[in-house]
Amino acid sequence: MAELTLVVNGRSQAVDVAPDTPLLWVLRDALGYTGTKYGCGMSQCGACTVHVEGVAARSCVTPVGTVDGKKITTIEGLSADRSHPLQQAWIAEQVPQCGYCQSGMLMSASALLAKKPRPTDADIDDALGGHICRCGTYQRIRRAVHRAAEGGGK
Amino acid sequence: MTTRRAFLKTGAAGGAALVVGFRFSIDALAQEAQEKKKPSPFDAWIHIDKSGTVTLITAKSEMGQGALTAMPMILAEELEVDWNGVRVEQAPTDPSIYDHGTGGSGSVAGSWLPLRQAGAAAREMLVRAAATAWNVEPATCRAEKGFIVHGPRRRRLAYGELVEAASKLPIPDFNKVPLKNPDDFHIVGQSIARTDIPSKVDGSARFGIDVRVPGLLYAVVARCPTFGGKAARFDATKAKAIAGVRHVLEIPAVGAGAHTAGGIAVVADSTWAAMQGRQALQIDWDHGPHASESSQTLRQASETIAAQPGKVVRNEGDAAATLVGAEQKVDAVYELPFQAHATMEPMNCTVDIRADRAEAWSPTQAPDWTRSAIAQVTGLPPPSINVHTTLMGGGFGRRYQADFVVEAAQVGKAVGAPVQLLWTREDDMRHDFYRPFAYHRLSGAVDAKGNAVAWHHRIVSTSIRSFWDPPDRVKPEASEIGGAVDLAYAVPNLRVEYAPVPSGVPVAWWRSVEASLNAFVVEGFIDELAAAAKADPLAFRQRLLAEPRMIKQPPDSESALDTRRFKGVLDLAAAKAGWGSPLPAGRGRGIACAFSFDSYVAEVAEVSVDKAGLPHVHRVVCAVDCGRAVNPDGVRAQVESAVVYGLSAALKGAITIAGGRAEQSNFHDFEVMRIQEMPVVEVHLVASTERPTGIGEPGLPPAAPAVANAIFAATGKRLRRLPILRV
Ligand code: FES
Ligand code: FES
């Protein structure tokens, strides 16, 4: 066990866990950020994606000890009021079905837009190719990313 | 269509309110059972209170299929209120009041007429209450936007003002209550934004796995990897040494009804600690009676079985004799592997079991089964068990089962604290109830004029009903022959047979059930006959559908296939896809059509194969006839989804068996479609005034055969075994 400090969505929080515990389970079980999902536990599906210092990371394979003191953003922190252009675009394109994969999709897509405000289809494939949506919402996801990039969230 | 009895019950919910309860009927068997017991449970209730708030309380659950948006649309239409003026509430699980269960693509299809009738009945009662208050003829009053309006005198009363009087009126007969003229629909048929979506973009949507209650413990179970095996002995010393691990206990397998594997449960303060504890267990497995089963042995056994006649499920003319003297004979063997559901949210259930009551949070398609499963494990009377149906991260048929509920109840009862039992992805892949393995043998004949004259189809599969039915009442073919026995194409000499192949692998309902297996075979083989006849695959099909027929097969089936509608979607898909127009070099087009859940879907796939032999699907054009589309964008989304699910099974993952166990364990070896492989999917709806029919599943069956037929068109290679990893 170790005393660590996580800065989640701007809030500094102390946790006492083994440093090799995946960040995913610390977020979900210890801190209550259940928007971040478990899908595979081995970096295959993207459901657990969060930002660490603005970069998309798979929290299921990120030992919490490696992010001590770092800034972490989860889906709950993407915006305070669903106002992120991607969230708006996701609603406009009616993307989610079951919705389980969408937190991860949104976190990877938002990291992409931060880096590349006008992504191409190939950029989208690169950024989201590691994600799985069993409901098959990929076509709408692609449309929604382009819509957000074009400032057409609404 | 609705054979259900109509019910209205007034003033039940305390205080003055108009309360209407009613049943949906999608299943004649369930209906019959219902007729015998009283009081009859209702599927849904409409509740209108004094403030005029309309609430639809329904036992159907939301899996992302949009049912909880489409259902209030239908109600609002008949009740003449704004669509967003209807609140939807998930019913508490109480089988004496509600009929639960979400599946069979039935939520909207089954509720269409009852919802309309119930809405119209409530509207009539409000009209009569207003007419009485004004002392005028009801015929001079009408409902409009939450008010009853008296035309001649231009006065109006809000629904809320009328509920008290209305609730005391006699109940109109559902079968006589006047329904709206569909030409006046202004909500049904509009694409309306799904109500569950906003919570799914900000992390606030709560799935089963997200349930958090004070003092919650987390559990995982080590199950024998071999189907039917169990722990011979285990040592928990090391597991208990892991920080956070609280309990290690053995839970027994539960057979018929739930089919759990049993195993060793590890309960801890966090999910991760439980997983670590499980890894530290030392277990000697007794691998049980199926340890030598493999995909290889299953294929061999199926081959042997398919060499003998099976049970004849359809027989017209004389297929055998026609085949003997045939101008051209085509023989083929098709094979499909087990498929995992692989819902994104793995199975889980949270329970809090006390001495005298229990509470459960379950992402389930069958809440009443959840309750009875908990009652069975705990011995608690069902009324003392409160089940909350949570959002589900995908269902696809997997969440009809109660195995994960039984395990949670076993563990929860033993530890006496709230427990969330979670399956890891590995558990999910290795202990699914898979889509059956199937092996089909076909012979067909084409005469000198290019007509299909004989069709002999022998189906062998690991039967779902053999796995689930009580041994004295098994009807092995019951969930295996749809989409084959009701062959839409007119072939004068037609014989379809079925035989089960024994297996220890658990099987059950996978999105679209047998339709996805049989469509691959039937639509592939009809393409083979077209090729033998040197005919265009579309024209060949159209000719066999030229004479309109209604096909009701097996004869006791509740659905009938209308070949006009079947041909209608084929024609539409072909037109929208530009069938016959030139394609870029190396690309081929394939077409396939299927009837399932009373809906018709045809798909045209455009595919190319690269130098390495990898197939690429560029475009899938779908034509859909699901009757009247209540929420057209919702229908399109479901079809897009089903196509992707079908393509995953066609081109990516399979469950193979070795040593009596599944060889796959996670998404690295059970691959599924990803965004970079996603074709353009276009969905075209047939404008229809027929009643709405299923839409969650029917888009799936044509996907695989359309792709295989396109590969044939592009390369000349006929592929009869799924998945097609390489051409
Ligand atoms: S749960 Fe982390 S990538 Fe799947
Ligand atoms: S929306 Fe269900 S898995 Fe993506």
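Residues numbered from 1 in each chain as written. Chains lettered and ligands numbered in written order. Predicted model: local features only at pLDDT ≥ 70, side-chain atom pairs only at ≥ 80, totals over all residues. Heavy atoms only, no water.

A. A look at the interface of chain A and chain B. With 48 residues of chain A at the interface, the matching set in chain B holds 63 residues. Both sides together, the interface formed by chain A and chain B hides about 4500 Å², and carbon and sulfur atoms give 56% of it. Its largest share of buried area at the contact with chain B, chain A owes to Q97, R134 and Y138 of chain A, together 19% of the area lost on that side. For the salt bridge of D210 of chain B with K37 of chain A, the shortest nitrogen-to-oxygen distance reads 2.5 Å. (Contact = heavy atoms within 4.5 Å. Buried area = accessible area lost by both parts, 1.4 Å probe. Salt bridge = Lys/Arg side-chain N within 4 Å of Asp/Glu carboxyl O.)

B. Quick look at the pattern of salt bridges. All names here are of chain B. Scanning the model with the defined rule gives 57 salt bridges over all chains in all. Between D356 and R357 there is a salt bridge, and its shortest N-O distance comes to 3.9 Å. D356 gets classed as exposed once you look at its relative accessible area, which sits at 53%. A salt bridge links D562 to R564; the nearest nitrogen and oxygen atoms lie 3.3 Å apart. A cluster of three or more residues bridged by salt bridges with shared partners is formed by R587, R589, E606, R619 and E682. (Buried < 20%, exposed > 50% of the residue type's maximum accessible area, 1.4 Å probe, protein only.)

C. Expanded view of the domain arrangement of chain A. All names here are of chain A. One can read the domain layout of chain A as domain 1 (2–78) and domain 2 (85–149). With 17 residues of domain 1 in contact, the opposing surface of domain 2 contributes twelve residues. Together, the buried faces of domain 1 and domain 2 total about 1200 Å²; carbon and sulfur atoms form 60% of this surface. Summed over the shared surface of domain 1 and domain 2, the number is zero salt bridges. In this structure, the connection of domain 1 to domain 2 is made through seven residue pairs in polar contact (both at pLDDT 80 or more). Those elements that provide at least two residues to the side of domain 1 that touches domain 2 are strand 3 (49–52) and strand 4 (55–58). Counting residues per element, the side of domain 1 that touches domain 2 draws most heavily on strand 3, which supplies three residues. Residue composition of the side of domain 1 that touches domain 2, grouped by class: seven nonpolar, eight polar and two charged. (Domains from an automatic or database assignment. Polar contact = N/O pair within 3.5 Å; in protein donor to acceptor, adjacent residues only side chain to side chain. Helix = DSSP H or I, 4+ residues; strand = E, 2+ residues; numbered from the N terminus. Nonpolar A, V, L, I, M, F, W, Y, C, P; charged D, E, K, R; others polar.)

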